[in-house]
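# Observations on the model geometry
The primary structure of each chain is shown beneath.
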Amino acid sequence: AKENQLEVGSTTGGRHNRGSRHYSGNAIDIRNSGGFDDNTVGRLSSAAQQRGLLVRDERRRPRGQAVWGGPHIHLEYRGDSQDPYDDVIRAVKD
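Residues numbered from 1 in each chain as written. Predicted model: local features only at pLDDT ≥ 70, side-chain atom pairs only at ≥ 80, totals over all residues. Heavy atoms only, no water.

On inspection of all chains with the given rule, the structure shows four salt bridges. Across the salt bridge formed by Glu 76 and Arg 56, the nearest N and O atoms sit 3.0 Å from each other. Of this pair, Glu 76 sits in strand S4 (residues 72-77) while Arg 56 sits in strand S3 (residues 53-58), and the two are 20 residues apart along the sequence. Look at Glu 76 and you get buried, because its relative accessible area is 6%. Several salt bridges share partner residues, and in doing so they unite Arg 21, Arg 56 and Glu 76 into one network. (Salt bridge = Lys/Arg side-chain N within 4 Å of Asp/Glu carboxyl O. Helix = DSSP H or I, 4+ residues; strand = E, 2+ residues; numbered from the N terminus. Buried < 20%, exposed > 50% of the residue type's maximum accessible area, 1.4 Å probe, protein only.)

Structural data, given as structure tokens:
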């Protein structure tokens, strides 16, 4: 993550929507990702899917979402990798 100058923003703290995977430690938000272009989000999504992660593009407030902290990219853990987040974040800007 550091080599691509990406930082994890929100993890288990803060306010999230009811049922959010943040509360169980299975989701993160990427800090300062609201300005990512579509190509960067596409690369992140591809890398994430290969590692059992789901990307939610929240650069615009999702319809019906009660809690939203502003534009960002959200990652949810969906697989069995030992360290899925670092794998994906490292791959984002390669």
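Structure shown, so let's carry the discussion forward.
Of all hydrophobic cores here, the largest spans eleven residues; its members are Ile 28, Ile 30, Phe 36, Val 41, Leu 44, Ala 48, Leu 53, Val 55, Ile 73, Leu 75 and Tyr 77. Among the elements of the structure, strand S2 (27-31), helix H1 (38-50), S3 and S4 are those that each provide at least two residues to this core. (Core = buried A, V, L, I, M, F, W, Y, C linked by side-chain atoms within 4.5 Å.)

This brings us to the confidence of the model for the chain. Averaged over every residue, the pLDDT of the chain is 79; residues scoring 70 or more account for 76%. Here helix H2 (residues 84-91) stands out as the element of the chain with the lowest mean pLDDT, 58, in contrast to S3, whose mean of 90 is the highest. (pLDDT = per-residue confidence, 0-100.)

It is worth spelling out the environment of Leu 54 at this point. Summarising the element assignment, Leu 54 is placed in strand S3. Relative accessible area serves as the criterion here: at 31%, Leu 54 is assigned to the partly exposed category. Sequence separation of Leu 54 and Tyr 77 is 23 residues, and the distance between their C-alpha atoms is 6.6 Å.

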